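Notes for the structure review
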Amino acid sequence: QVRLVESGGGLVQAGGSLRLSCAASGSTVSVNTMGWYRQAPGKQRDLVASITSGGSTEYADSVKGRFTISRGNAKNTVYLQMNSLKPEDTGVYYCNARITTQVMSSVVTRDYWGQGTQVTVSS
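The residue count restarts for each chain, going from 1 along the sequence in the order it is written. Under the rules for a predicted model, residues below a pLDDT of 70 receive no local features and side-chain atom pairs below 80 are neither given nor counted, while totals for whole chains, interfaces and linings still include all residues. Heavy atoms throughout the structure, all of them, feed into the side-chain values; hydrogens and water do not.

Another aspect to go through is the nonpolar core. Residues Trp36, Leu80, Met82 and Tyr93 are the most contacted members of the largest nonpolar core, which totals 27 residues. In this description a helix means any DSSP run of H or I spanning at least four residues, a strand means any run of E spanning at least two, and both kinds are numbered starting from the N terminus. Of all elements in the fold, only strand S3 (18-25), strand S4 (30-39), strand S5 (45-51), strand S7 (67-71), strand S8 (77-82), strand S9 (91-103) and strand S11 (117-122) reach the threshold of two or more residues within this core. When near neighbours in sequence (up to four residues on either side) are disregarded, methionine 82 contacts Gly16, Ser17, Leu18, Leu20, Arg66, Phe67, Tyr93 and Val119. Among buried residues, those of type Ala, Val, Leu, Ile, Met, Phe, Trp, Tyr and Cys that are joined through side-chain atoms within 4.5 Å constitute a nonpolar core. Accessible area is worked out with a 1.4 Å probe on protein chains only. A residue is then buried under 20% of its type maximum, exposed over 50%, and partly exposed in between. Any two residues whose heavy atoms approach within 4.5 Å are treated as being in contact.

A word on a nonpolar patch on the surface. Together, Val103, Met104 and Val108 line one region of the surface with nonpolar side chains, adding up to about 300 Å² of accessible area. Looking at the element boundaries, valine 108 is found in strand S10 (residues 106-113). Note on patches: the residues involved have over 30% relative accessible area and no salt bridge, like charges join within 9 Å, and the nonpolar side chains Val, Leu, Ile, Met, Phe, Trp and Tyr join within 5 Å. All accessibility values rest on the Shrake-Rupley procedure with a 1.4 Å probe; residue burial counts only the protein chains present in the view. Salt bridge criterion: a side-chain nitrogen from Lys or Arg within 4 Å of a carboxyl oxygen from Asp or Glu.

With 6 bridges joining them, S3 and S8 adopt antiparallel strand pairing. Note on S8: the bridge partner recorded for leucine 20 is leucine 80. Should DSSP find at least two bridges between two strands, the strands are regarded as paired. Pairing analysis gives 5 bridges linking S7 to S8, with the strands arranged antiparallel. Bridge pairing in S8 links isoleucine 69 to leucine 80. If you look at the hairpin formed by S7 and S8, you'll find 5 residues sitting between the two strands, and lysine 75 has a positive phi there, around 70°.

What follows is the structure in structure tokens.
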């Protein structure tokens with residue numbers, strides 16, 4: 001059973017920093033692209049940042065220059081360093097990973113989601 005476990009959310013004042021972590025556990029063949037999505041109250045879930053297994057990154061325009069996504073040496077973990085936080089960064093942050101697993105004699109690749117972690121930035 002593959003799981004994504006997140007940590008690091010919380011309450012911070014505007015201008016502060018937080019670091020989110022996400023680790024994939026379970027029997028995997030490979031952990032491919034990993035990313036973080038944000039969902040503000042009443043809004044859709046949007047991509048914040050993603051990183052491929054080769055280290056290529058992508059960021060939403062609203063976080064460029066402030067957030068940095070990275071992967072751990074074991075490649076099954078992803079981090080999001082968030083600096084210069086703004087009230088509009090408030091929301092539930094979800095970790096996402098495209099993971100390949102062995103199912104019987106087949107190889108299956110699909111997206112997995114973490115349970116979400118709340119980030120609240122006060123003004």
